[in-house]
Amino acid sequence: MLIGIGIGRGADLRPGVMRSPRSSGPDGFHPGALWLAATVPVLATLLLVVRLAT
């Protein structure tokens with residue numbers, strides 16, 4: 001049996017009901033998580049450079 005894995009779109013809406021156009025990303029998108037994912041490797045690299053320089 002095939003099972004789709006992904007972000008999905010949630011339950012189907014009733015006919016005539018639309019999703020809010022205000023959302024800037026798919027369901028489950030969180031800008032803070034994006035910043036965290038970008039910041040952690042940079043911070044780890046900086047700590048490594050400081051450690052190697054001393």
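It should be emphasised that the depicted structure is a prediction, and the values quoted were computed from it without experimental measurement.

About the cut-offs
Residue numbers here run from 1 along each chain, matching the order of that chain's written sequence. Residue-level local features of this predicted model are given only where pLDDT is at least 70; pairs of side-chain atoms are given and counted only at 80 or more, and the full residue set underlies all totals for whole chains, interfaces and linings. Processing note: side-chain calculations cover all non-hydrogen atoms of the structure and skip hydrogens and water entirely. Secondary structure is summarised from DSSP: a helix means a run of H or I of at least four residues, a strand means a run of E of at least two, and numbering begins at the N terminus for each. The buried label goes to any residue with under 20% of its type's maximum accessible area, the exposed label to any with over 50%, and the partly exposed label to all in between, with areas taken from a 1.4 Å probe on protein chains only. Using a 1.4 Å probe, the Shrake-Rupley method yields the accessible areas, and only the shown protein chains count as cover for residues. Polar contacts, as used here, are pairs of N or O atoms within 3.5 Å; protein pairs need one atom able to donate a hydrogen and one able to accept it. Residues neighboring in sequence count only if both atoms are side-chain atoms.

Colleague: Would you mind going over the overall build of the protein in detail, with residue names and values included?
Modeller: A count of helices and strands for the protein gives one helix and zero strands. Counting across all 54 residues of the protein, residues that qualify as buried make up 0%. For the protein, the accessible area works out to roughly 5500 Å², and carbon and sulfur atoms hold 69% of it.

Colleague: Run through the environment of Thr54, naming residues and quoting values.
Modeller: Mapping Thr54 onto the fold places it in the segment after helix H1 (31–53). Separated by 3.1 Å, the side chain of Thr54 and the backbone oxygen of Arg51 make a polar contact.

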